[in-house]
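Summary of structural features
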Amino acid sequence: MKEINSNIIGKLIQNERFEDWWESSQMEIPFFDNQKMKITFMDFLPEDNKEFIKEADDALKLFLEKSKSDRLLISNLVHKNCMDFLNTIGYDEADKKLWEIKDEKEIWKFVQPNEIFITRRPYEDEDIYININCECDWEQEHGLQLVFRKGKQITRVSQIDGHITDADAYDKPDSEDELLSEFKE
């Protein structure tokens, strides 16, 4: 079994099914109150991309410095995702607690983070993105993803759809992607 090493998270083991996936052991994530999660480097073959680990480590270092207070700063975006979904499907008694949220920060009671994926955007900026896959009470089928460009700043809040930017998902220029276009180096 092959392994690689990250200066930030230590040893990652190559996934048995996907040769370009490398998985860490469970580690505490301060952004989610130290909940333990696995981190996976995706779309990475060490022989093809010598800079990936260093760039991933740089992004992880910044992301792992984020705490609950940073999470609460994006509550409005997660709450908006929830309400947009609920407004689309219409009122259902089963979603009553979600409709009754008074403080946007309460939305986190309905989000269960599962796993973190680190990947490089294959075109445009080709930066490293941290993609956190979550289950959520309002979108049981597709869940919720929170994406941070370079580990610095949230650039996407959406259902889990295989895309790391709205620009990529909807085939539009980065300048028309609301959160991505707000990214500051």
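For the structure given in this document, a descriptive report is provided here. (Residues numbered from 1 in each chain as written. Predicted model: local features only at pLDDT ≥ 70, side-chain atom pairs only at ≥ 80, totals over all residues. Heavy atoms only, no water.)

1. Describing the packing of aromatic side chains
Each aromatic ring pair is summarised here by two numbers: the centre-to-centre distance and the angle between the ring planes. Note the cut-off: Two rings from Phe, Tyr or Trp (for Trp, the six-membered ring) form a pair when their centres sit within 6.5 Å of each other. Planes less than 30 degrees apart are called stacked, planes more than 60 degrees apart edge-to-face, and all others tilted. Secondary structure elements are taken from DSSP: a helix is a run of H or I of four residues or more, a strand is a run of E of two residues or more, and numbering for both begins at the N terminus. Throughout this description, buried means an accessible area under 20% of the type-specific maximum (1.4 Å probe, protein chains only), exposed means over 50%, and partly exposed covers the range between.
Applying the stated criterion across every chain, the model contains 11 aromatic pairs. Judged by centre distance (5.5 Å) and plane angle (85 degrees), the rings of phenylalanine 31 and phenylalanine 148 are edge-to-face. Taken together, the residues phenylalanine 31 in the loop between strand 4 (27–29) and strand 5 (35–41) and phenylalanine 148 in strand 8 (residues 144–149) connect sequence positions 117 residues apart. The residues phenylalanine 31 and phenylalanine 148 share a single accessibility class, namely buried. Taking the centre distance of 4.5 Å and the plane angle of 15 degrees together, the rings of phenylalanine 44 and phenylalanine 52 count as stacked. Relative accessible area serves as the criterion here: at 1%, phenylalanine 44 is assigned to the buried category. The class for phenylalanine 52 is buried, based on a relative accessible area of 0%. Taken together through their ring pairs, the aromatic side chains of Phe31, Phe32, Phe63, Trp108 and Phe148 make up a single cluster.

2. Observations concerning the side chain of asparagine 133
Along the chain, asparagine 133 turns up in strand 7 (residues 128–136). A relative accessible area of 15% places asparagine 133 in the buried class.

3. Here we look at the pattern of salt bridges
We count it as follows: The working definition used for a salt bridge is a side-chain nitrogen of Lys or Arg within 4 Å of a carboxyl oxygen of Asp or Glu.
Using the criterion set out here, one finds 18 salt bridges in the structure. The shortest N-O distance in the salt bridge between glutamate 65 and lysine 61 comes to 2.9 Å. Among the residues examined, lysine 61 registers a relative accessible area of 46% and is labelled partly exposed. Across the pair glutamate 100 and lysine 96 runs a salt bridge, and its minimum N-O distance is 3.5 Å. On the basis of relative accessibility, which here comes to 41%, the residue glutamate 100 falls in the partly exposed class. Here lysine 96 falls in the partly exposed class, since its relative accessible area comes to 36%.

4. Quick word on unusual backbone geometry
In this model, aspartate 43 sits at a positive phi of 55 degrees, which is unusual for a non-glycine residue. Its identity as a non-glycine residue notwithstanding, aspartate 171 has a phi of 50 degrees, on the positive side. Within the fold, aspartate 171 resides in the loop between helix 5 (166–169) and helix 6 (178–181). According to the relative accessible area criterion, aspartate 171 is exposed, its value standing at 73%.

5. Remarks on the pairing of strand 5
Here is the key point about a regular strand: its side chains alternate between the two faces of the sheet. Applicable threshold: Two strands qualify as a pair provided DSSP detects at least 2 bridges between them.
Inspection of the sheet shows strand 3 (residues 22–23) paired to strand 5 by two bridges, in the antiparallel sense. Its bridge partner being in strand 5, tryptophan 22 is matched across the sheet by phenylalanine 41. Where strand 4 lies against strand 5, three bridges are found, and the strand directions are antiparallel. Bridge pairing in strand 5 places glutamate 28 opposite lysine 36.

6. Digging into the nonpolar core
In globular proteins that are soluble, nonpolar side chains generally tend to be buried together. As a reminder of what qualifies: The definition of a nonpolar core used throughout is a set of buried Ala, Val, Leu, Ile, Met, Phe, Trp, Tyr and Cys residues joined through side-chain atoms within 4.5 Å. Whether two residues are in contact is decided by their heavy atoms, any of which lying within 4.5 Å being enough.
Of all hydrophobic cores here, the largest spans 43 residues; its most connected members are Ile29, Phe41, Ile118, Ile132, Trp138 and Leu146. Among the secondary structure elements, those contributing two or more residues to this core are strand 4, strand 5, helix 1 (52–64), helix 3 (75–89), strand 6 (111–120), strand 7, strand 8 and strand 9 (153–158). With seven residues, helix 1 is the largest single contributor of residues to this core. For isoleucine 132, the contacting residues outside a window of four places in its chain are Phe32, Met37, Phe63, Pro113, Glu115, Ile116, Leu144, Gln145, Leu146 and Phe148.

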